[in-house]
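A closer look at the structure
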Amino acid sequence: MLLGAQVAIFVVGILFLVRGKGLGKKGVVHPQYRWLGGFLLTALPLTLVSGFILGFAWGLTHMNQAPEQMNQDLTLPVFAMEAGIVLVYGIIASIWESSIRRKAADVSAGAV
């Protein structure tokens, strides 16, 4: 459902991890970008594992439910779970990235 946003987070994570600098023309090089990239790479696996656990638990508690009804009943909880993960990862990434930019600016200002 929110696969596009999760893939975007994954791609940004790969860019941060490989390049070690921020996005944009004035991307600041800082080693913590690699940590941020590694963190962002965990969003997609977390969603897959969470969805599997939710589906497995739902299947155990609703064994006699038809697959069509199960699909209907799980649509909103799965969407809410995905949206929550994307939202939390987006907030954490933006705060962490601004912290890295601030640290890099302090280091470059102190070096002059």
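In this report, we go over the structure that sits alongside the text.

How each quantity is defined
Residues numbered from 1 in each chain as written. Predicted model: local features only at pLDDT ≥ 70, side-chain atom pairs only at ≥ 80, totals over all residues. Heavy atoms only, no water. Helix = DSSP H or I, 4+ residues; strand = E, 2+ residues; numbered from the N terminus. Core = buried A, V, L, I, M, F, W, Y, C linked by side-chain atoms within 4.5 Å. Buried < 20%, exposed > 50% of the residue type's maximum accessible area, 1.4 Å probe, protein only. Contact = heavy atoms within 4.5 Å. Arc of directions from axis to C-beta. Patch = residues over 30% accessible without salt bridge, like charges linked within 9 Å, V, L, I, M, F, W, Y side chains within 5 Å. Areas by Shrake-Rupley, 256 points an atom, 1.4 Å probe, with all protein chains shown as cover. Salt bridge = Lys/Arg side-chain N within 4 Å of Asp/Glu carboxyl O. Phe/Tyr/Trp six-rings, centres within 6.5 Å; stacked < 30°, edge-to-face > 60°. Polar contact = N/O pair within 3.5 Å; in protein donor to acceptor, adjacent residues only side chain to side chain.

Our focus in this paragraph is the environment of N71. Examined against the element boundaries, N71 turns out to sit in helix α4 (residues 67-111). Considering only alpha carbons, one finds N71 and G55, 16 residues apart in sequence, at a separation of 9.8 Å.

This part takes up the nonpolar core. Grouped together as the largest cluster of nonpolar side chains are 14 residues, with contacts concentrated most on I9, F16, Y33, L36, L40 and Y89. Element by element, the count of residues in this core is highest for α4, at 8 residues. Excluding residues within four positions of it along the chain, L36 makes contact with F16, A93, W96, E97 and I100.

The next point concerns the environment of L17. Inspection of the secondary structure assignment puts L17 in helix α1 (residues 3-19). Residue class for L17 comes out partly exposed when judged on its relative accessible area of 34%. Each C-alpha atom, one on L17 and one on A43, is 14 Å from the other, the two residues being 26 residues apart in sequence. For L17, the contacting residues outside a window of four places in its chain are Y33, R34, G37, G38 and L41.

What follows covers helix α2 (residues 32-40). Of all the positions in α2, only Y33, L36, G37 and L40 are classed as buried. Buried residues in α2, looked at end-on, bunch into an arc of 100 degrees, giving them a common side.

A cluster of nonpolar side chains, V49, F52, I53, F56, L60 and M63, forms an exposed patch at the surface whose accessible area comes to about 690 Å². Structurally, I53 is set in helix α3 (residues 43-61).

The next thing to look at is the packing of aromatic side chains. Using the criterion set out here, one finds 4 aromatic pairs in the structure. Residues F16 and Y33 carry aromatic rings whose centres are separated by 5.1 Å and whose planes lie at 50 degrees to one another, so their mutual orientation is tilted. Remark: Y33 occurs in helix α2 and F16 occurs in helix α1; sequence separation between them is 17 residues. The class for F16 is buried, based on a relative accessible area of 5%. Relative accessible area serves as the criterion here: at 0%, Y33 is assigned to the buried category. Considering the side-chain rings of F39 and Y89, the 4.6 Å spacing of their centres and the 10 degrees angle between planes classify their relative orientation as stacked.

This part takes up the environment of T47. Along the chain, T47 falls in helix α3. What T47 contacts, discounting residues up to four positions off in sequence, is Q6, M81, E82 and I85. Polar side-chain contacts of T47 include one of 3.2 Å to the side chain of Q6. A polar contact is formed between the side chain of T47 and the backbone oxygen of A43, at a distance of 2.9 Å.

Everything listed is a geometric property; what it means functionally is a separate question.
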